[in-house]
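Given next are the chains, with one letter for each unit.
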Amino acid sequence: QVQLVESGGGLVSAGGSLRLSCVVSGEFISGNYMAWYRQAPGKQRESVARISSDSTSTYADSVKGRFTISRDNAKNRLFLQMNSLKPEDTAVYYCNKDNLSVNWGGYWRWGQGTQVTVSS
């Protein structure tokens, strides 16, 4: 069974930075399009960054220019570098397969996520 473990979240002041990591076990990520998602209280989960199997990335408008997604297939890890954080970035962040990929095939079981809190 695939297991996703996110880490790296925390409390940071506006303008600060965090680097999130996601370790995937039970499945190789190399052939999968991957993504970072977030869910704020009272809101639906949304994707913020996507990365193809050849490392082409796309971003939600709300994070473009501030977040960078990357992957290390050899270590089966996904990363999200978040700079210039804003209070509206406060959410629980999750990694999973990219649901816009033609080969999506459904989500893996969600991990516990990592909480990011940005204070103003």
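Values in this document were obtained by computation on a predicted structure and should not be read as measured data.

Undergrad: Mind laying out the nonpolar core, listing which residues take part and the relevant values?
TA: By size, the foremost hydrophobic cluster in this structure holds 27 residues, and its most contacted members are V24, W36, L78, L80, M82 and Y93. Within the residue set of this core, elements represented by two or more residues are β3 (18–25), β4 (34–39), β5 (46–51), β7 (67–72), β8 (77–82), β9 (91–97) and β10 (114–119). With four residues, the top contributor of residues to this core is β3. If we ignore the near neighbours within four places in the chain, the residues touching M82 are G16, S17, L18, L20, R66, F67, Y93 and V116.

Undergrad: An account of the pairing of β9 is needed here, citing residue identities and associated values.
TA: The buried fraction of β9 amounts to seven of the seven residues, a majority that puts the element mostly inside the structure. Of the pairings in the sheet, the one linking β9 to β10 comprises three bridges and is antiparallel in character. By the bridge assignment, Y93 is partnered in β10 with T114.

Undergrad: Residue-level account of the sheet that holds β7, with values.
TA: One open sheet accounts for four strands, arranged β1-β3-β8-β7; its pairing is antiparallel. For this open sheet the edge positions go to β1 (3–7) and β7, each flanked by a neighbour on one side alone. Sheet twist, expressed as the mean angle between neighbouring strand axes with direction ignored, is 15°. Alignment of β3 against β8, held across six bridges, turns out to be antiparallel. In the strand pairing of β8, L20 is matched with L80.

Undergrad: Quick rundown of the side chain of R50? Include the residues and the values.
TA: With respect to the helices and strands, the residue R50 is situated in strand β5. Under the relative-accessibility criterion, R50 is labelled buried at 15%. A distance of 3.1 Å separates a polar atom in the side chain of R50 from a polar atom in the side chain of N99. Setting aside chain neighbours within four positions, we find R50 in contact with M34, A35, Y37, T56, S57, T58, I69, D98, N99 and L100.

Undergrad: Can you break down the pattern of salt bridges residue by residue, with the values?
TA: Taken as a whole and judged by the stated rule, the model has five salt bridges. A salt bridge links R38 to D89; the nearest nitrogen and oxygen atoms lie 3.0 Å apart. One end of the pair, R38, is in strand β4; the other, D89, is in the loop between β8 and β9, and 51 residues separate them in sequence. When its relative accessible area of 6% is taken as the criterion, R38 is described as buried. Residue D89 is classed as buried on the basis of its relative accessible area of 1%. In this structure, the salt-bridge partner of R66 is D89, at a minimum N-O distance of 2.7 Å. Placement of the pair is R66 in the loop between β6 (57–59) and β7 and D89 in the loop between β8 and β9, with a sequence separation of 23 residues. Where salt bridges share partners, they join R38, E46, R66 and D89 into one cluster.

Conventions used here
Residues numbered from 1 in each chain as written. Predicted model: local features only at pLDDT ≥ 70, side-chain atom pairs only at ≥ 80, totals over all residues. Heavy atoms only, no water. Core = buried A, V, L, I, M, F, W, Y, C linked by side-chain atoms within 4.5 Å. Buried < 20%, exposed > 50% of the residue type's maximum accessible area, 1.4 Å probe, protein only. Helix = DSSP H or I, 4+ residues; strand = E, 2+ residues; numbered from the N terminus. Contact = heavy atoms within 4.5 Å. Pairing = 2+ DSSP bridges. Axes fitted to C-alpha atoms, helices over the stretch in contact; angles between N-to-C directions. Polar contact = N/O pair within 3.5 Å; in protein donor to acceptor, adjacent residues only side chain to side chain. Salt bridge = Lys/Arg side-chain N within 4 Å of Asp/Glu carboxyl O.

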